[in-house]
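Spelled out from the first residue to the last, the chains are:
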Amino acid sequence: MTLVMVATLCSACTTLYVDAPDALNGSRTYVGIVKVRAAEESSQASAASRVRRHSYSTLGLRVDSGLSLGYLNDEVVSIPLNCHVVLFVRAPEEWGHAETLLRQLRREDSCLIRSN
Amino acid sequence: MSHPIKLNPAIRTLLVATTALLSACATPDHSNTMIFGTSTRVALDVSQEPTGSLGATLGYKRQEAVWMPLLANTKTAEGKWNPTACTGDKCPMFVGTTGEQGGAAGANASDTYSVLATFSGDMGGSAQNAGVQAKVAQYFATGLAARLLAQYGGAAAVGASASAPDSATIRAANSVVATQHRQADVVSIKLSKTDGLVDPALRDSLLAKTPASELSDGEKTLIKSLKTRDELQDHLKNAPPGIAARLFSTLDKL
């Protein structure tokens with residue numbers, strides 16, 4: 001809790017407004033440390049490129065539909081049509097294993113996503 | 001537009017919670033996209049509950065929910081999403097079906113939109129019956145995928161604390177892989193000509209005989225699409241267990 005208070009006192013206030021095409025719109029006000037990870041837009045037409053992952057991490061105060069003081073993490077994944085099997089791979093060395101797994105499944109509707 | 005769908009109270013609460021979690025005060029537009037949300041809090045939290053009452057939490061709280069499209073939408077000329085028109089009793093809805101041949105869930109089974117998503121925690125890449133075994137830290141499933149996971153123990157796929165395979169297991173797995181590779185080598189050589197191309201007549205003859213004939217139509221089509229010895233060899237080496245073995249066992253009947 002001390003860390004939360006320090007983070008709250010030593011930082012500025014910011015309001016984050018999310019304008020996304022898939023229903024993630026909204027505004028939130030943060031006081032403290034905020035980490036925002038927005039989905040990258042891709043020009044590729046494949047289903048996998050249209051999988052989007054957003055996350056918001058806060059250490060401090062958040063004003064949303066209420067008040068929250070502490071650590072909060074919201075993560076949202078939007079999955080388009082024709083993407084029925086989705087694998088998020090965090091470690092680069094696991095990428096090859098995931099590809100092998102999906103190849104063995106032989107599903108054209110599978111999506112492999114890099115996730116840091 | 002309303003639909004006569006009865007929801008489990010817990011699921012209804014989750015969906016309402018998803019709306020509140022994901023979009024603050026706005027109602028999400030439905031864009032034929034499935035949304036999965038996770039909210040983790042280690043905090044003092046005072047906020048409005050999905051039921052409308054004010055709730056307070058002190059400590060750890062985690063919520064997971066899925067916002068799933070049921071009724072198909074189309075884009076208007078202005079670029080807005082609108083539900084497609086229902087004609088008679090039929091509405092274009094997202095439904096997963098198993099088809100006439102069925103599957104593990106049974107023939108002609110249907111359920112809501114089917115998705116299986118995993119967030120990898122540990123994909124060890126160990127071989128098990130020549131397959132790849134993956135351990136995941138978190139996953140979610142909907143529709144038929146969820147039913148199959150529940151039926152066949154999908155929870156076993158989550159094994160953050162899974163112990164490493166012992167040496168006997170590794171030796172057995174390596175033996176299975178080596179056998180499959182050897183069978184793939186023999187089959188691909190037997191079915192190809194000296195110029196490195198697959199002999200179509202010989203291949204079709206092999207596929208028509210038991211036990212190779214018992215392979216699925218999809219697998220046969222895939223094998224028939226492979227033109228060269230190397231392609232066939234590579235495919236059989238990486239194919240699910242049993243395919244190379246069946247072709248190998250049929251070679252005696254040529």
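The rules behind each value
Residues numbered from 1 in each chain as written. Chains lettered and ligands numbered in written order. Predicted model: local features only at pLDDT ≥ 70, side-chain atom pairs only at ≥ 80, totals over all residues. Heavy atoms only, no water. Helix = DSSP H or I, 4+ residues; strand = E, 2+ residues; numbered from the N terminus. Buried < 20%, exposed > 50% of the residue type's maximum accessible area, 1.4 Å probe, protein only. Contact = heavy atoms within 4.5 Å. Areas by Shrake-Rupley, 256 points an atom, 1.4 Å probe, with all protein chains shown as cover. Salt bridge = Lys/Arg side-chain N within 4 Å of Asp/Glu carboxyl O. Arc of directions from axis to C-beta. Axes fitted to C-alpha atoms, helices over the stretch in contact; angles between N-to-C directions. Parallel < 35°, antiparallel > 145°, perpendicular 65-115°, else oblique. Left-handed = near helix turned anticlockwise from the far one by under 90°. pLDDT = per-residue confidence, 0-100. Patch = residues over 30% accessible without salt bridge, like charges linked within 9 Å, V, L, I, M, F, W, Y side chains within 5 Å.

Asks: Explain the overall build of chain A to me, please; I cannot follow it from the model alone.
Replies: Looking only at helices and strands, chain A has two helices and six strands in total. Relative to its full complement of 116 residues, chain A shows a buried share of 48%. For chain A, long-range pairs separated by at least 24 residues make up 49% of all intrachain contacts whose partners lie at least 6 apart in sequence. Split by element, the accessible area of chain A, about 6,100 Å² in all, is 56% carbon and sulfur.

Asks: Would you explain the overall build of chain B in this entry?
Replies: Within chain B, the regular secondary structure consists of seven helices and ten strands. Put simply, chain B has 254 residues, and 32% of those count as buried. Considering only residue pairs separated by 6 or more positions, chain B has 54% of its internal contacts joining residues 24 or more positions apart. Roughly 14,200 Å² of accessible area belongs to chain B as shown, and the carbon and sulfur atoms make up 55% of that amount.

Asks: Got a minute to help me understand the pattern of salt bridges in this structure?
Replies: Residue and element names in this part refer to chain B. Under the criterion given, the structure shown has six salt bridges over all chains. Two residues, Asp204 and Arg203, come together in a salt bridge whose shortest N-O distance is 3.1 Å. The class of Asp204 is partly exposed, set by a relative accessible area of 34%. A relative accessible area of 9% places Arg203 in the buried class.

Asks: What is the right way to read helix 4 (residues 200-207) of chain B from this model?
Replies: Every α-helical turn comprises 3.6 residues, leaving residues that sit three or four positions apart pointing alike. All names here are of chain B. Considered for burial, the residues of helix 4 that qualify are Arg203, Leu206 and Leu207. Projected down its long axis, helix 4 carries its buried residues within an arc of 95 degrees, all on one side. Where helix 4 is buried, its residues contact helix 5 (217-224) and helix 7 (243-250).

Asks: How do you make sense of the packing of helix 4 of chain B against helix 5 of chain B when you look at a structure like this?
Replies: The axes of two packed helices give the description: the angle between them and the distance between them. Residue and element names in this part refer to chain B. With their axes 11 Å apart at the nearest point, helix 4 and helix 5 run at an angle of 165 degrees to one another. In terms of their interaxial angle, helix 4 and helix 5 are classed as roughly antiparallel. The handedness of the crossing between helix 4 and helix 5 comes out as right-handed. Note on element contacts: helix 5 touches helix 4 through Lys220, Ile223 and Lys224, opposite Arg203, Asp204 and Leu207.

Asks: Just checking my understanding: could you explain the side chain of Glu75(A) for this structure?
Replies: Its location among the elements puts Glu75(A) in strand 4 (residues 66-79). Dropping the residues within four chain positions of it, Glu75(A) is found in contact with Arg37(A), Arg53(A), His54(A), Ser55(A), Phe36(B), Gly37(B) and Thr38(B).

Asks: When you look at the confidence of the model for chain A in this model, what are you seeing that I'm missing?
Replies: The predicted coordinates of low-pLDDT regions are not to be read in fine detail. Mean pLDDT over chain A works out to 72, with 64% of the residues at or above the 70 mark. Of all helices and strands in chain A, the one with the weakest mean pLDDT is helix 1 (residues 2-9) of chain A (60), whereas strand 4 of chain A scores best (84).

Asks: Just checking my understanding: could you explain the environment of Val186(B) for this structure?
Replies: Residue and element names in this part refer to chain B. By the secondary structure assignment, Val186 is in helix 3 (residues 167-190). As for Val186 and Leu251, which are separated by 65 residues in sequence, their C-alpha atoms are 9.3 Å apart. Apart from residues no more than four positions distant in its own chain, Val186 is found in contact with Phe248 and Leu251.

Asks: Any chance you could explain a nonpolar patch on the surface here in plain terms?
Replies: Taken together, the side chains of Val63(A), Leu67(A), Leu44(B), Val46(B), Leu54(B) and Leu58(B) make up a nonpolar region of the molecular surface, amounting to roughly 570 Å² of accessible area. Elements with a contribution of two residues or more to the nonpolar patch: strand 1 (34-48) and strand 2 (54-67) of chain B. With respect to the helices, strands and loops of the structure, Leu67(A) is situated in strand 4.

Asks: Could you clarify how one ought to interpret helix 7 of chain B in this entry?
Replies: Taken as a whole, helix 7 of chain B has its buried residues at Ile243(B), Ala244(B), Leu247(B) and Thr250(B). Down the axis of helix 7 of chain B, the smallest arc covering the buried residues is 130 degrees, so these residues share one side.

Asks: In this structure, what is going on with the confidence of the model for chain B? I would like to understand it.
Replies: All names here are of chain B. For chain B, the average pLDDT comes to 71, and 65% of its residues sit at 70 or higher. Mean pLDDT values over the elements of chain B span from 42, in strand 8 (residues 127-128), up to 90, in helix 4. In the model output, the complex is listed with pTM 0.51 alongside ipTM 0.72.

Asks: Where do I start with the environment of Ser249(B) in this structure?
Replies: Residues and elements named next belong to chain B. Residue placement: Ser249 occurs in helix 7. Using a relative accessible area of 41% as the deciding quantity, one classes Ser249 as partly exposed. Residues Ser249 and Gln183 lie 66 residues apart in sequence; the distance between their C-alpha atoms is 9.1 Å.

Asks: Quick question: what am I supposed to make of the side chain of Thr58(A) here?
Replies: Residue and element names in this part refer to chain A. Structurally, Thr58 can be placed in strand 3 (residues 52-63). The class of Thr58 is buried, set by a relative accessible area of 2%. Here Thr58 is in contact with Tyr30, Ile33, Val34, Gly70, Tyr71 and Leu72, once residues within four sequence places are set aside.

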